[in-house]
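One-letter residues, chain by chain:
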Amino acid sequence: MQRATIVTFLCLLSHSSSQGAGGEDTTSPHLDVTTELVNLRDRITEIRMELRYMEKENAALEARVTTAELELKTLKEKSQVAFSASLADSVGPFNVDSTIVYPKVITNVGQAYNLFTAYPCMCLPAGIFTAPVRGIYYIGFTACGNADSNAMALNLYKNSDLLTNLAKYSNGYMTYFSGGVTVQLEAGDVVYTQLPANSKLYDDHINNRTVFSGFLVITV
Ligand SMILES: *[C@@H]1O[C@H](CO)[C@@H](O)[C@H](O)[C@H]1NC(C)=O
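- An unreviewed UniProt entry lists the chain under the name C1q domain-containing protein, from Electrophorus voltai.
- According to UniProt, the comment filed for the chain under the heading Subcellular location (unreviewed entry) is "Secreted".

1. Observations regarding the overall build of the chain
Working step 1: In terms of regular secondary structure, the chain is built from 2 helices and 11 strands.
Working step 2: Its helices and strands taken in sequence order, the chain reads α-α-β-β-β-β-β-β-β-β-β-β-β from the N to the C terminus.
Working step 3: The burial tally for the chain puts 34% of its 220 residues in the buried class.
Working step 4: In the chain, once contacts between residues fewer than 6 apart in sequence are set aside, the share between residues at least 24 apart is 74%.
Working step 5: Counting every atom, the chain has about 13,500 Å² of accessible surface; 58% of that belongs to carbon and sulfur.

2. Quick notes on the pairing of strand β10 (residues 190-195)
Working step 1: Burial runs high along β10: 6 of the 6 residues are buried.
Working step 2: Residues Val 190, Tyr 192 and Gln 194 of β10 are buried on one face, and the alternating residues Val 191, Thr 193 and Leu 195, pointing to the opposite face, are buried as well.
Working step 3: As paired strands, strand β2 (residues 98-99) and β10 are joined by 2 bridges and run antiparallel to one another. The partner of Thr 99 across the bridge, within β10, is Gln 194.
Working step 4: As paired strands, strand β5 (residues 128-130) and β10 are joined by 2 bridges and run antiparallel to one another. Considered in β10, the bridge of Thr 130 is made with Val 190.
Working step 5: Sheet analysis places strand β7 (residues 152-158) next to β10, joined by 4 bridges and oriented antiparallel.

Cut-offs used in this document
- Residues numbered from 1 in each chain as written.
- Predicted model: local features only at pLDDT ≥ 70, side-chain atom pairs only at ≥ 80, totals over all residues.
- Heavy atoms only, no water.
- UniProt positions renumbered as here; feature names shortened; annotations may be inferred.
- Helix = DSSP H or I, 4+ residues; strand = E, 2+ residues; numbered from the N terminus.
- Buried < 20%, exposed > 50% of the residue type's maximum accessible area, 1.4 Å probe, protein only.
- Contact = heavy atoms within 4.5 Å.
- Areas by Shrake-Rupley, 256 points an atom, 1.4 Å probe, with all protein chains shown as cover.
- Pairing = 2+ DSSP bridges.

Right, here's the structure in full:
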């Protein structure tokens, strides 16, 4: 700061003297050194004020850039969302509709699929996907049914709204259906699947036959 002022001062001096050398002042026998100095002093005062203003402006800009960088980082982190989890075992039948928990996590980038009741908070049960940012998401599933007298069925919910409701009543070995929706979610919206009462789904530990998946397509 001090050095900058001295440099400015020297520049002004050389600027002033070169102007003097080429200008009318050199021809004047009454070069008023005092007036010149006063002018210079005034200019320096002005320049100091300008510098102080620019310093303030610079600090304000720096703060804005820091905030923007932080926001971008948070958004980038929150925008990396993709999950798939499989059932790994049979579920049902139950006598009420029950949220399905897929315990075998295949992918969970962004940790938005809640496997444990303790994550991200105790308020959400396992098996639920929570949108971390407002965006368009694709949510899908593949479900397997295997013999016996129970239907295979699955309901997909966004919050309390039913998005799809698939069922297959004919008995058979290793029957499948798949469903999926592209849906806009607000940050905090939840998506989950339920096993309708008296239905059953099949999976084993190896084959990932019943899988719940989702990913963020774009933020909006
Ligand atoms: C099931 O998913 C796991 C990842 O959790 C994978 O390692 C395995 O190969 C998958 N099984 C089959 C049969 O694709």
